[in-house]
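So you can see what is in the structure, the chains are spelled out below.
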Amino acid sequence: MDLLGLANYAVFMAILIGIYALLALGLNIQWGFTGLFNAGIAGFFAVGAYASAILTSLPASGRLGGYELPLVVGWLAAMAAAALIAWPIGKICLRFRSDYLAIATIGVAEIIRLVIRTEGWLTGGVRGVTGIPRPFGDLDYMPSQIAYLAIVATLVLVAYLLVERQVKSPWGRMMRAIRDNELAAAAMGKQVEARRLQAFVFGSALMGLAGALFVHFNRSVTPEAIDPMIATFLIWIMLILGGSGNNRGAILGAAVIWIIWSVSELLTDRLPTEVAVQAKYARVFIIGLTLQLVLRFRPEGILPERQPGAPPHR
Amino acid sequence: MSFLEFLNFHLVPGIVLGSVYAVGAIGITLVFGILRFAHFAHGDMATLGAFIALALVTAGLTPWAALPVAMAAVAVVAIVVDKLFYDYLKARPKIMTVMASLGVALMLRAVVQVVFGVDPRTYATGIVRPDDYFGILLRDRELYTLAAVVLIVVGLTLFLRHSRWGKAMRAMSDNPDLARLSGVDNRKVTMLTWAIVGALCAASGFMLGINNELQSMMGWQVLLPMFAAAILGGVGRVEGAVLGGLIVGVAEEMSIFILPAQYKAATAFVLLLLILLVRPRGLLNGKVL
Amino acid sequence: MALLDMKDVRGGYGDADILHGVSMTVGEREIVVIVGPNGAGKSTAMKSVFGLLAIRGGHIVFDGEDITAWAPDRIVQRGICYVPQVDNVFREMTVHENFEMGAFLRRGDLSAAYDRVYGLFPDLKAKRKNLAGDLSGGQRQMVAMGRALMLDPKLLLLDEPTAGLSPKYMEQIFQITRDVRDAGVSILLVEQHAKQALAFCDRGYVLATGANRHEGTGQALLADREVAEMFLGG
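Everything numeric in this text was worked out from a predicted model, so none of it was measured.

**A closer look at the overall build of chain B**
Logical step 1: The number of helices and strands found in chain B is 11 helices and two strands.
Logical step 2: Computed over its C-alpha atoms, the radius of gyration of chain B comes to 19 Å, within 12% of the 19 Å expected for a compact globule of 289 residues.
Logical step 3: Expressed along its principal axes, the backbone C-alpha trace of chain B runs to roughly 60 × 45 × 35 Å.
Logical step 4: Counting the 289 residues in chain B, one finds 58% classified as buried.
Logical step 5: Looking at chain B as shown, the accessible area adds up to about 11000 Å², and 67% of this sits on carbon and sulfur atoms.

Okay, here's the thing in structure tokens:
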């Protein structure tokens, strides 16, 4: 690969890392600060992706869409759609231990997958949605990529600052107190439920935004673009490895895991075809094993949560 | 539609599917009740059991002879998985074990995919015609499935009701602190629970496979219906898991009367949310974690 | 020599000490009650006997053997049983199964042990197949004591056995406690109802802020003006 190719690849990777960083930040609000187990990240991601795609794409026959609305509208709608789905689920499940939320979110992701595949009039079915505009998409390849990277990086920065501010506020302190002490949480009752719901909905909205950024980057989206289990799982590992409860850790984890995942894909693609298929699944095995190793040997992650005066939690 | 048609095309398949869910849900309810976490590797452990049975069938065993061997094998796998990946997390919040089990799910599935590939497989080839029992059409495999489920449920119930260690398991589920004060060895109960749960996983995977086909995602796809069944019946209640399994199975087969067939898989999810909304303890008053 | 001899025990659950030097003894066939205001460390003092907290000073000698900092399961085998204040029965198991679980560590013929608990709690004989969770509060307390007695302990620890019970049941539980004592078991109990408890016990200890304040026979403590002013309501 020549220098330019390498630079191209680096920018391409950086954009995806940014998108994953948003997902990891969203999960950090839910899990890292609040202790909520979202096992359906891919579902919220997909909802955001399709919401923005439908609102902003060029007209196409056989499906809804073609409104060609401004991108910002699409992105806001992506966040709103993901939040709207998160709300009732959280409302029902957050009264119980996080196990129930985990089960329900697996279900939500599954239903969303079914809807995307089945409701062709809405999502284009297996053909997906194409003709999705990309900001600065008229520029040459490299400047266009760099411009998109700038947008993604800005949004990650904004999300980071917002989450940091929120976490340092009384709201964030209370959330951590609840997370670390289920008894205290139970004693606080209704109010806690409302706070947890806010965290769940806000985190899901960020995941929706990440979905939107993903489709505008690719200019198209199909049901195959998102493997629910692996996508969800990668983000979990990013957060745990980076350091759950630490926003910088979440972003760092997104970068580290995405680079390892992509490089390992480059490597396995070079294998002879007889073993290439096996190697693909062996990678999945290794991802699962990585989580176990992190949980066992470095549960606090690379950048542990900073919490003055309190014993390390996880 | 005649009554017999309804029976043969909807109710009977629903009961067969439901009894398979029941076997899975019993395992989930045991882990939920005794070890107190949602075990997300349950479905993929079932997949592993189904494929171990397939390997035995390929080696020359008949499918129903392969079943007990596969059950024993997955019982061992479950104990090993616990020792390697869950046991060291026991002092940490239980949700960490839930997460670890999600990782185990991915690993088990990857093992199946690497060893057996991703193409659908079957235990036996050829089309089996159902026999007519007074108008009710049943295939042998369906009959054997129902019989095996009854055998498993009765055997397990007797064990839990009357044996020393069965009572210890119930005590641990009921009141873990008091069980420890009474001298029940937590480690032994945990190991025993995993052995039983592993065997149940293998049985449910095998029955799914013999009544349909085997593929690497089969277990993950039944995880939600099995959880719905366990919670619907009441967490910690074996009879509840059976009842819940039957309800979910029949409801899925009936769902086509009100939902497009593609959304059959959504039935369990709807039931799950409904029960959490109106009666989180489940039909038979189980635990709420 | 006393059956149980605690000397100057210090300790707590985490890093902070709750007990700052508690000493007490329980003799053979004796009912000893621990009373004191809220937060005095009454339950904590009792749990220290059963190995449920970190002991950082002092000694606990039981039946001639130093059991300081033993694990609870070892203490159970040595002959001390503990009845927690709450969640002290297996609610989803029958009365009889609760007794069976109490004897989990015992092998061999248990008919004598069953005869003894059903003899002590004749009400429970008719309810042996009922779920413990379906019984009244007083009967549940009997099941809890029966479960603990199945191991044939020399010393029974009762943590507020009358909490939440009506006066009628309170009297009944005290009567049963006496019956258990008469069957040859020593009893150490923590009580919130100080007046009634002191009236029925053999000896009592008054704890305050994790240390001994007063001790003596129940009658002597009841008559003590300082004790009365402390929390007996004059």
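**With respect to the overall build of chain A**
Logical step 1: From N to C terminus, chain A includes 12 helices and zero strands.
Logical step 2: Moving toward the C terminus, one meets the helices and strands of chain A in the order α-α-α-α-α-α-α-α-α-α-α-α.
Logical step 3: The C-alpha atoms of chain A give a radius of gyration of 20 Å, which matches the 20 Å a tight globule of 314 residues would have.
Logical step 4: Taken over the C-alpha atoms alone, chain A extends approximately 55 × 40 × 35 Å along its principal axes.

**A short note on the interface of chain B and chain A**
Logical step 1: Between chain B and chain A, the contact holds 48 residues from the first and 41 residues from the second.
Logical step 2: Between chain B and chain A, the buried area comes to about 4200 Å², and carbon and sulfur atoms account for 78% of it.
Logical step 3: Of all the secondary-structure elements, those providing two or more residues to the side of chain B that touches chain A are helix 3 (63-86), helix 4 (94-116), helix 9 (218-233) and helix 11 (266-278) of chain B.
Logical step 4: By residue number, the principal contributor to the side of chain B that touches chain A is helix 4 of chain B, which donates 17 residues.
Logical step 5: The residue makeup of the side of chain B that touches chain A, split by class, is 40 nonpolar, three polar and five charged.

**Points about the packing of helix 1 (residues 3-32) of chain A against helix 11 (residues 247-269) of chain A**
Residue and element names in this part refer to chain A.
Logical step 1: Contact pair helix 1 / helix 11: the axes reach a minimum separation of 8 Å and the direction vectors enclose 135°. Of the possible angle classes, the one that applies to helix 1 and helix 11 is oblique. Of the two possible hands of crossing, helix 1 and helix 11 adopt the one that is right-handed. Contact residues: helix 1 offers Tyr 9, Met 13, Leu 16, Ile 17, Tyr 20, Ala 21, Ala 24, Leu 25 and Asn 28, while helix 11 offers Asn 247, Ala 250, Ile 251, Ala 254, Ala 255, Trp 258, Ile 259, Ser 262 and Leu 266.
Logical step 2: In terms of residue class, the contact of helix 1 with helix 11 is made up of 15 nonpolar, three polar and no charged.

**Observations regarding empty space enclosed by the protein**
Logical step 1: All chains considered together, the criterion is met by two cavities of 30 Å³ or more.
Logical step 2: Computed from the structure, the largest cavity encloses a volume of approximately 120 Å³.
Logical step 3: Considering the residues around the largest cavity, the lining is formed by Ala 42, Gly 43, Ala 46, Tyr 50, Ala 109, Ile 112, Arg 113, Ile 116, Thr 222, Pro 223, Ile 226 and Pro 228 of chain A.
Logical step 4: For the lining of the largest cavity, the secondary structure elements donating two or more residues are helix 2 (41-56) and helix 4 (98-118) of chain A.
Logical step 5: The residue makeup of the lining of the largest cavity, split by class, is nine nonpolar, two polar and one charged.
Logical step 6: Approximately 50 Å³ is the volume found for the second largest cavity.
Logical step 7: Considering the residues around the second largest cavity, the lining is formed by Leu 181 and Ser 182 of chain B together with Phe 50, Val 76, Cys 81, Tyr 82, Gly 102, Arg 147, Ala 148 and Leu 151 of chain C.
Logical step 8: Listed by contribution, the elements that provide at least two residues to the lining of the second largest cavity are strand 6 (80-83) and helix 6 (137-149) of chain C.
Logical step 9: Among the residues making up the lining of the second largest cavity, the classes are represented as seven nonpolar, two polar and one charged.

**Quick notes on the confidence of the model for chain A**
All names here are of chain A.
Logical step 1: Mean pLDDT over chain A: 88, with 94% of residues reaching 70 or higher.
Logical step 2: The lowest-confidence element of chain A is helix 8 (residues 182-188), averaging 64 in pLDDT; the highest-confidence one is helix 3 (residues 71-93), averaging 95.
Logical step 3: Below pLDDT 50 for its whole length, residues 308-314 participates in 11 contacts with residues either more than four positions away or in separate chains.

**Points about the side chain of Lys 167 of chain B**
Logical step 1: In this fold, Lys 167 of chain B is placed in helix 6 (residues 164-174).
Logical step 2: Ignoring sequence-local partners within four residues, the contact set of Lys 167 of chain B consists of Leu 160, Arg 161 and His 162 of chain B together with Met 93, Glu 97, Glu 100 and Met 101 of chain C.

**Concerning the interface of chain B and chain C**
Logical step 1: With 17 residues of chain B in contact, the opposing surface of chain C contributes 18 residues.
Logical step 2: Between chain B and chain C, the buried area comes to about 1700 Å², and carbon and sulfur atoms account for 56% of it.
Logical step 3: Applying the counting criterion to the chain B and chain C interface returns two salt bridges.
Logical step 4: Linking Arg 170 of chain B and Glu 97 of chain C is a salt bridge whose minimum nitrogen-to-oxygen distance equals 2.7 Å.
Logical step 5: For the interface between chain B and chain C, the tally reads eight residue pairs in polar contact (both at pLDDT 80 or more).
Logical step 6: In terms of residue count, the dominant contributor to the side of chain B that touches chain C is helix 6 of chain B (seven residues).
Logical step 7: In the side of chain B that touches chain C, the residues fall into seven nonpolar, three polar and seven charged.

**A few points about a nonpolar patch on the surface**
Residues and elements named next belong to chain A.
Logical step 1: A contiguous nonpolar patch, built from Leu 64, Tyr 67, Leu 69, Val 73 and Trp 121 and spanning about 450 Å² of accessible area, is present on the exposed surface.
Logical step 2: For Val 73, the location among the structural elements is in helix 3.
Logical step 3: By relative accessible area, which is 36% here, Val 73 ends up partly exposed.

**Concerning the pattern of salt bridges**
Logical step 1: Scanning the entire structure with this criterion turns up 25 salt bridges over all chains.
Logical step 2: In this structure, Lys 90 of chain B engages Asp 87 of chain B in a salt bridge whose closest nitrogen and oxygen atoms are separated by 3.3 Å.
Logical step 3: Owing to a relative accessible area of 28%, Asp 87 of chain B belongs among the partly exposed residues under this scheme.
Logical step 4: Each of Asp 63, Glu 65, Arg 78 and Lys 154 of chain C takes part in a single network of salt bridges with overlapping partners.

**Let's talk about the sheet that holds strand 1 (residues 4-12) of chain C**
Residues and elements named next belong to chain C.
Logical step 1: Read across the open sheet, the four strands follow the order 2-1-4-5; overall the sheet is antiparallel. Edge positions in the sheet fall to strand 2 (19-26) and strand 5 (65-66), since each has one partner strand and no second.
Logical step 2: Bridge count between strand 4 (residues 54-62) and strand 5: two bridges; the pairing is antiparallel. Counted as the bridge partner of Phe 62 is Glu 65 from strand 5.
Logical step 3: Along the sheet, helix 1 (residues 42-49) contacts strand 1, strand 2 and strand 4; its crossing angle with strand 1, the most-contacted strand, is approximately 115°.

**Looking at the sheet that holds strand 10 (residues 211-217) of chain C**
All names here are of chain C.
Logical step 1: The strand order across the open sheet formed by six strands is 6-7-8-3-9-10, and the pairing between neighbours is mixed. Strands at the two margins of the open sheet, each flanked by one partner only, are strand 6 and strand 10. For this sheet the average axis-to-axis angle between neighbouring strands, irrespective of direction, equals 15°.
Logical step 2: Strand direction decides the pairing type here: strand 3 (residues 31-35) and strand 8 (residues 186-190), joined by four bridges, are parallel. Its bridge partner lying in strand 8, Ile 34 is registered against Val 190.

**Quick word on helix 8 (residues 186-211) of chain B**
Helical periodicity: at 3.6 residues per turn, an α-helix aligns residues three or four positions apart in one direction.
Residues and elements named next belong to chain B.
Logical step 1: Between the first and last C-alpha of helix 8 there are 37 Å, a value that for 26 residues agrees with the 38 Å anticipated at 1.5 Å per step.
Logical step 2: Of all 26 residues that make up helix 8, 19 are buried, and the element is covered over most of its length.
Logical step 3: Between the side-chain oxygen at the start of helix 8 and the backbone nitrogen of Arg 187 there is a gap of 2.9 Å, and the oxygen is on Asp 185.

**Some remarks on the packing of aromatic side chains**
Logical step 1: According to the stated counting rule, one finds 26 aromatic pairs over all chains in the structure shown.
Logical step 2: On the basis of an interplanar angle of 45° and a centroid distance of 5.0 Å, the ring pair of Phe 51 of chain B and Phe 116 of chain B is categorised as tilted. Here Phe 51 of chain B is found in helix 2 (residues 42-58), whereas its partner Phe 116 of chain B is found in helix 4, with 65 residues between them in sequence.
Logical step 3: A relative accessible area of 0% means that Phe 51 of chain B is categorised as buried.
Logical step 4: Taken together, the aromatic side chains of Trp 31, Phe 37, Phe 96, Tyr 100 and Trp 236 of chain A together with Phe 32, Phe 40 and Phe 227 of chain B make up a single cluster linked through ring pairs.

**Quick notes on the arrangement of the chains**
Logical step 1: Summarising the chain contacts, two pairs of chains touch, and the pair with the most contacts is chains A and B.
Logical step 2: Taking C-alpha atoms only, the smallest gap left between chain A and chain C, which are not in contact, amounts to 13 Å.

Reading the values: rules and limits
Residues numbered from 1 in each chain as written. Chains lettered and ligands numbered in written order. Predicted model: local features only at pLDDT ≥ 70, side-chain atom pairs only at ≥ 80, totals over all residues. Heavy atoms only, no water. Helix = DSSP H or I, 4+ residues; strand = E, 2+ residues; numbered from the N terminus. Rg over C-alpha atoms; globule rule 2.2 N^0.38 Å. Buried < 20%, exposed > 50% of the residue type's maximum accessible area, 1.4 Å probe, protein only. Areas by Shrake-Rupley, 256 points an atom, 1.4 Å probe, with all protein chains shown as cover. Contact = heavy atoms within 4.5 Å. Buried area = accessible area lost by both parts, 1.4 Å probe. Nonpolar A, V, L, I, M, F, W, Y, C, P; charged D, E, K, R; others polar. Axes fitted to C-alpha atoms, helices over the stretch in contact; angles between N-to-C directions. Parallel < 35°, antiparallel > 145°, perpendicular 65-115°, else oblique. Left-handed = near helix turned anticlockwise from the far one by under 90°. 1 Å grid on protein atoms, 1.4 Å probe; cavity = no way out; pocket = protein on both sides within 12 Å on 5 of 7 lines; lining within 4 Å. Points joined across faces, edges and corners; volume = space filled by probe spheres on them. pLDDT = per-residue confidence, 0-100. Salt bridge = Lys/Arg side-chain N within 4 Å of Asp/Glu carboxyl O. Polar contact = N/O pair within 3.5 Å; in protein donor to acceptor, adjacent residues only side chain to side chain. Patch = residues over 30% accessible without salt bridge, like charges linked within 9 Å, V, L, I, M, F, W, Y side chains within 5 Å. Pairing = 2+ DSSP bridges. Expected span 1.5 Å × (residues − 1). Phe/Tyr/Trp six-rings, centres within 6.5 Å; stacked < 30°, edge-to-face > 60°.

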